[in-house]
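Residues per chain are reported as follows:
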Amino acid sequence: MGKRGGHNKKKDCTFWYIRYDAQSEIDEVISEQAAHEVKAGCAIQKRFSCPKCNGDVRYLYEIAPGIVCCRKCANLNYPSQQWSELEFAKYKILQILQQMDVDTWNFDNWLEVIRFKPVKPDYMSEMKFFLLDNERVKWLTVFFNCSKIE
Ligand SMILES: [Zn+2]
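Along each chain, the written sequence defines residue order, and numbers are assigned to residues from 1. Owing to the predicted nature of the model, reporting of local features is limited to residues with pLDDT of at least 70; listing and counting of side-chain atom pairs is limited to 80 or more, with chain, interface and lining totals taken over all residues.

J.: I tried to follow the overall build of the chain on my own but got confused; where do I start?
T.: Secondary structure elements follow DSSP: runs of H or I no shorter than four residues count as helices, runs of E no shorter than two count as strands, and numbering proceeds from the N terminus. For the chain, the count of helices and strands is five helices and six strands. Taken from N to C terminus, the helices and strands of the chain fall in the order β-α-β-β-β-β-β-α-α-α-α. Per-residue burial for the chain yields a buried fraction of 17% across its 150 residues. Whether a residue is buried, exposed or partly exposed follows from its count of other C-beta atoms within 10 Å of its own C-beta, namely 20 or more, 12 or fewer, or something in between, respectively; the C-beta atoms are built from the backbone.

Encoded structure:
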């Protein structure tokens, strides 16, 4: 692990993916993948279906913007996909805004996206909006950290 935030060190943004956990409600919302319940002994656990192979998995990986699959499929099909942390952050911010019903085509530049304050759509629950907005703020932080000019 290299030092982070060093003054004249280039931030390393070579490989980046997002892991979604089927046990987490916010991960279901953000990934737009619905989890289902499976019996594990006498307990009930939540699992995702891999969009590529249909396998039951606890974790899905977003290995490139919009490409979600299980670990096995990720290794088989996308060995060399590389997206930077910054590209991912930009993509996630726009995706979350779209989930909030914001017409992202109206933005002219990233300054507008960053300054935009989303409003909860009438049909959306307070909880879902709160979770989405938290994620938006999290990705804004990643965006700012990656685009710092040194
Ligand atoms: Zn799979």
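J.: Looking at this structure, how should I read helix 5 (residues 126–146)?
T.: One turn of an α-helix holds 3.6 residues; hence residues three or four places apart share an orientation. By this rule, a helix spans an expected 1.5 Å times one less than how many residues it contains. Its 21 residues place the ends of helix 5 30 Å apart at the C-alpha level, agreeing with the 30 Å of an ideal helix rising 1.5 Å per residue. Regarding helix 5, the residues found buried are Leu132, Arg136 and Trp139. Seen along its axis, helix 5 keeps its buried residues to an arc of 70°; they face one direction. Pointing more than 90 degrees away from the buried face of helix 5 are the exposed residues Glu126, Met127, Val137, Thr141 and Phe144. For every residue pair, C-beta atoms are placed from the backbone, and the pair is scored as a contact if these atoms sit within 7 Å. Contacts made by the buried residues of helix 5 are with helix 1 (25–31) and helix 3 (85–99). Think of the arc as the fan of directions from the helix axis to the C-beta atoms.

J.: Can you help me understand the packing of helix 3 against helix 5 in this one?
T.: Whenever a helix is involved, its axis is fitted only over the stretch in contact; in every case the axis is a line through C-alpha atoms, and angles between N-to-C directions fall within 0 to 180 degrees. Two elements in contact, helix 3 and helix 5, have axes whose closest approach is 9 Å; the angle formed by their N-to-C orientations is 155°. Relative to helix 5, the element helix 3 is oriented roughly antiparallel. Here helix 3 and helix 5 pass one another in a crossing that is left-handed. Where helix 3 abuts helix 5, its residues Glu85, Leu86, Ala89, Lys90, Lys92, Ile93, Ile96 and Gln99 lie against Leu132, Glu135, Arg136, Trp139, Leu140, Val142, Phe143 and Cys146. A per-class count over the contact of helix 3 with helix 5 returns 10 nonpolar, one polar and five charged. For this classification, under 35 degrees means roughly parallel, over 145 means roughly antiparallel, 65 to 115 means roughly perpendicular, and everything else is oblique. Left-handed describes a crossing whose near helix is turned anticlockwise from the far helix through less than a right angle; right-handed describes the clockwise counterpart. Gly is placed with the polar residues, together with every amino acid not listed as nonpolar (Ala, Val, Leu, Ile, Met, Phe, Trp, Tyr, Cys and Pro) or charged (Asp, Glu, Lys and Arg).

J.: What should I look at first to understand the sheet that holds strand 4 (residues 56–57) in this one?
T.: One key point about sheets: their strands pair by backbone hydrogen bonds, in either a parallel or an antiparallel sense. Taking strand neighbours across the sheet as the criterion, the three strands line up as 2-3-4 in an open arrangement whose pairing is antiparallel. Looking at strand neighbours, the two that pair on one side only are strand 2 (36–40) and strand 4, the edges of this open sheet. When DSSP finds at least two bridges between two strands, those strands are taken to pair. As judged from the five bridges shared by strand 2 and strand 3 (residues 43–49), these two strands associate in the antiparallel manner. Across the sheet, the residue bridging to Ala40 is Ala43, located in strand 3.

J.: What should I look at first to understand the sheet that holds strand 6 (residues 67–69) in this one?
T.: If you walk across this open sheet you meet the three strands as 1-5-6, and the pairing is antiparallel. The strands lining the two open edges of the sheet, one partner per strand, are strand 1 (18–21) and strand 6. Each strand axis lies, on average, 25° off the axis of its neighbour in the sheet, ignoring direction. Two elements, strand 5 (residues 59–64) and strand 6, share three bridges in a ladder whose sense is antiparallel. Paired with Ala64 across the two strands is Ile67, which belongs to strand 6.

J.: What is the right way to read unusual backbone geometry from this model?
T.: It is generally the case that most residues other than glycine have a negative phi and that most peptide bonds are trans. Of note, Glu32 is a non-glycine position whose phi angle comes to about 60°, a positive value. Structurally, the position occupied by Glu32 is in the loop between helix 1 and strand 2. The phi torsion at Asp101 lies on the positive side, around 70°, for a residue other than glycine. Summarising the element assignment, Asp101 is placed in the loop between helix 3 and helix 4 (110–115). Here Asp101 falls in the partly exposed class, since 13 other C-beta atoms lie within 10 Å of it.

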